Amino acid sequence: MSAEPLVVLEEVEVVFPSGLGVGPATFTVAAGEEVLVLGPSGSGKSTLLRTLHGAVPGAINARVTGRLSVAGRPVAETGVAGLADVVGVVGQDPSSGVCLSDVDDELAFPLENLCEDPARIPGLVGDALAAVGASHLAGRRTAELSGGEQQRIAIAAATVTRPRLLLLDEPTSMLDAAGIDGVRSAVAGVRARTGAAVVLVEHRLDEYAGGEGLAGLPARWIVVDRAGRIRFDGPATELDVDAVAELLAAGCWLPAELEARVVPTRPPSGRPDTPRGTGPGVTGPLRSGTVRRVGSGGGAPGPEALVARGLTVAAGGRRGGTPVLHDVDLEVAPGEVVALLGANGQGKSSLLTCLAGLHAPLAGSVEGPAVGLVFQNPADQFQAHTVRAEVAFGLPPGTESQVEELLDRFDLADLAEHNPHQLSGGQMRRLSLAAMLAHRRPVLLADEPGFGLDRHATVAVMQALRQVADDGGGVLFSSHDLRSVATTADRAIVVTGGAVIARTTPRRLLTDPDLLGRGALRPAPWLVELAAACGDDVALRRALEAADRRVGELGRAVAA
Amino acid sequence: MLRRDEERAALPLRDIVLMVVLGVTFGFLYWVLVQAWNALAVAMGPAGDLAQHVLFGGWLLVAPLAIAIIRRPGVGIIAEILASVVEVVFLGSPVGPTLVIAAAVQGFGSELAFALGRYRRFGWGTYALSGLLGAGLVFFYSAFRSGWYGQNIFWLRFAMQCASGVVLGGLLGKVLVDALRATGVLANFNISRDDTPAEVVRRER
């Protein structure tokens, strides 16, 4: 067994034509080691990962200096193809990680590229599918899979060749609790069988750890700051309170036990009598433009409400497709935020696109005002060549100040002249929301608005949704993140098995283990405890908002 | 600038796919132009036979586009041949299989202008020369096939075809390349590597 490190970086720096970059990085990864790379959105984590297997500069234009070698091979000379037998890569966007039309072909492709014995291929494909919990997807067409299902197939394809180095870029972003378990067990299985090293970029640390907290995460952390410089490289247990506070201030999501050292989340004591919103509000490096007014709350659906009756929705909205949801009744009244919850593939995206009028339902009706929809894949909705033009798209002249205010609020001001497609995943998500908010539709639908975002960005996005409701609009969003749901939503709708199984509030949902089980939802244990300790929904929301506010203050203190 | 080893290495898969996509897309567009040619020929009445010379430059377009984006020798010729194959095999071009020969000559002519600049000069002049050579060289082959030798409008045809080549096959090509570049879709192809200043200074966010 060689003692040579698997990955060696010496003063590796990546600079894009725009001047932004990441590095210089000098570190090694030993064979079989697990490393977690974390940092705020847009800091260069994905770029660092792509540099490790040669996609930067091979496929993506950038200047890379320094020396980098993987498994003893200099990456600058081998390129991506030269590392194909030792590196497996899972990207952030599941639809771009899948390239063939059948699941079986998709998994056989890497094996064929490596000249694997054809007789062994079906067995290896079956093993890889079983390892990610996707055996039921064998024989399906990849275009028909939901985002989360595609992600599982992408992970299976990356691990089917038993690589020595596995690079995972936010593999859990689109996945539900069962899917996250699948990722974790797949990665653990690969490590157990082949001793592969893992470099993981992840935001949702608590979910990835599966309730084990720090112990369930890679032992070694590399922290990248907003400017792309490496700030910390070492065991997570060596992080002291100041370092943790700095990470929180930078906007990283941290496991609850680390966050609790700096910002304890506890139920509010006494009777809260200050109406929500008249306090200073949560402002961090992402400034909220307006002070929130007291919301009007829900009520009987008025003329501005979105009402759906007896809706039957086909998978992906295809005409004549198989129905994925039957007989759905729902209302989104002005002034309320409703969350749509459910496992992958249960029809949440299809329902949202149907409500937005993009597809005709198979049965039933949708009535209501003009609706705005924020897509699951932000790149699908981009229309313009620059970020500023995207936010301003379709607006009447004279609204420049509003555009600037939105850019400021979502921390896109310094990216205003960039091309939308060249942003990081989280930046694209913020841009798509900002562009839709500019139009002030009476009802706003959002498909996983918090996906791939760091803490500050998630708080800003959820606040923006809350603001829409406070300004009199209605909001319906789908999410896997129960914390965001508990912080923002007035009501929660759970879909499973083709039907709506619950219409409830976030707190009642969190304290109902039976419902959580039926909906295949798995909140973090601390969130369940907090929900039980809080007397009602408002108290729960207050507690979570208070924690967000304190982290926002930390961020402002550091930025100042 | 491409590194020396990259200039000699095989074309990366991504560039091959782009070349094929351009070839097929323009194969269809060329076929559309043929329909426009028919309409123009009828509209021009007794001068209808000259309509092909008026529109000729349009059939050169894929070569400068492919060369400007991929920046490797030969991609213009291949893309042009692919386009003609699509026209002949899938769209039933009235010209028939000899169109492929004409496409090869056109592609060669278009490439020649860029080759003379060592694939590093991409100004208006190079594009114009590309259109001129693409239209001019193939003229003599078409004249042989169509029996234009001996006609007293021979040089009129030649002049019209060359003018069309310069405008529609050269200058229009640069307009298209610049428009594509502005959308950002070409950010990771060789065209953008040449756009990047050699010394990029890292800036802080």
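Quantities reported herein were computed from a predicted structural model and do not represent experimental measurements. (Residues numbered from 1 in each chain as written. Chains lettered and ligands numbered in written order. Predicted model: local features only at pLDDT ≥ 70, side-chain atom pairs only at ≥ 80, totals over all residues. Heavy atoms only, no water.)

Examining the domain arrangement of chain A
Interfaces are frequently sized by the accessible area removed from exposure as the parts join.
Residue and element names in this part refer to chain A.
And then number 1: By the assigned domains, chain A splits into domain 1 (7-260), domain 2 (306-370 + 442-559) and domain 3 (383-440).
And then number 2: Just the C-alpha atoms count here: the centres of domain 1 and domain 2 sit 28 Å apart.
And then number 3: Across the boundary between the two partners, domain 1 contributes 29 residues, which contact 23 residues of domain 2.
And then number 4: At the boundary of domain 1 with domain 2, total buried surface from both sides reaches about 2200 Å², with 57% on carbon and sulfur atoms.
And then number 5: Taken as a group, Asp 176, Ala 249 and Trp 253 account for 27% of the area that domain 1 buries against domain 2, more than any other trio of residues on that side.
And then number 6: The partner of Glu 259 in a salt bridge is Arg 483, and the shortest N-O contact between them spans 3.7 Å.
And then number 7: Counting the contacts that link domain 1 with domain 2 gives six residue pairs in polar contact (both at pLDDT 80 or more).
And then number 8: Of all elements in the fold, only helix 8 (177-194), helix 9 (205-209), helix 10 (241-250) and helix 11 (256-262) reach the threshold of two or more residues within the side of domain 1 that touches domain 2.
And then number 9: Among the elements that take part in the side of domain 1 that touches domain 2, helix 10 stands out by supplying four residues, more than any other.
And then number 10: Looking at side-chain class alone, the side of domain 1 that touches domain 2 contains 13 nonpolar, eight polar and eight charged residues. (Domains from an automatic or database assignment. Contact = heavy atoms within 4.5 Å. Buried area = accessible area lost by both parts, 1.4 Å probe. Salt bridge = Lys/Arg side-chain N within 4 Å of Asp/Glu carboxyl O. Polar contact = N/O pair within 3.5 Å; in protein donor to acceptor, adjacent residues only side chain to side chain. Helix = DSSP H or I, 4+ residues; strand = E, 2+ residues; numbered from the N terminus. Nonpolar A, V, L, I, M, F, W, Y, C, P; charged D, E, K, R; others polar.)

Some thoughts on the UniProt feature "transmembrane region" (unreviewed entry) in chain B
And then number 1: Under the UniProt annotation, the feature "transmembrane region" (unreviewed entry) is placed at residues 12-33, 53-70, 124-144 and 156-177 of chain B.
And then number 2: With 67% helix and 0% strand, residues 53-70 of chain B has end C-alpha atoms that lie 29 Å from one another. (UniProt positions renumbered as here; feature names shortened; annotations may be inferred.)

Observations regarding the sheet that holds strand 19 (residues 499-504) of chain A
Residue and element names in this part refer to chain A.
And then number 1: The strand order across the open sheet built from six strands is 15-16-17-13-18-19, with neighbouring strands paired in mixed fashion. The sheet is open, and its two borders are formed by strand 15 (371-374) and strand 19, each paired with just one other strand. Neighbouring strand axes in the sheet, compared pairwise and without regard to direction, differ in orientation by 20° on average.
And then number 2: Pairing between strand 15 and strand 16 (residues 443-447): four bridges, direction parallel. Bridge pairing in strand 16 places Val 371 opposite Val 443.
And then number 3: Sitting on the sheet, helix 12 (residues 348-355) touches strand 13 (337-341), strand 15, strand 16, strand 17 (474-478) and strand 18 (491-496), and the angle it makes with strand 16 is about 155°.
And then number 4: In the packing of helix 15 (residues 425-437) onto the sheet, the strands contacted are strand 15 and strand 16, and the crossing angle to strand 15 comes to about 170°. (Pairing = 2+ DSSP bridges. Axes fitted to C-alpha atoms, helices over the stretch in contact; angles between N-to-C directions.)

Topic: the confidence of the model for chain A
And then number 1: Mean pLDDT over chain A works out to 84, with 92% of the residues at or above the 70 mark.
And then number 2: Low pLDDT, under 50, characterises residues 270-300 of chain A; the stretch is placed with 58 contacts to residues that sit more than four places away or in other chains. (pLDDT = per-residue confidence, 0-100.)

Here we look at the packing of helix 15 of chain A against helix 16 (residues 455-470) of chain A
Residue and element names in this part refer to chain A.
And then number 1: Look at helix 15 against helix 16: their axes get within 11 Å of each other, and the N-to-C directions meet at 20°. When the interaxial angle is binned, helix 15 and helix 16 end up roughly parallel. Here the hand of the crossing between helix 15 and helix 16 comes out left-handed. Of the residues in helix 16, those in contact with Arg 430, Leu 433 and Leu 437 of helix 15 are Ala 457, Val 461, Ala 464, Leu 465 and Val 468.
And then number 2: Considered class by class, the residues forming the contact of helix 15 with helix 16 number seven nonpolar, no polar and one charged. (Parallel < 35°, antiparallel > 145°, perpendicular 65-115°, else oblique. Left-handed = near helix turned anticlockwise from the far one by under 90°.)

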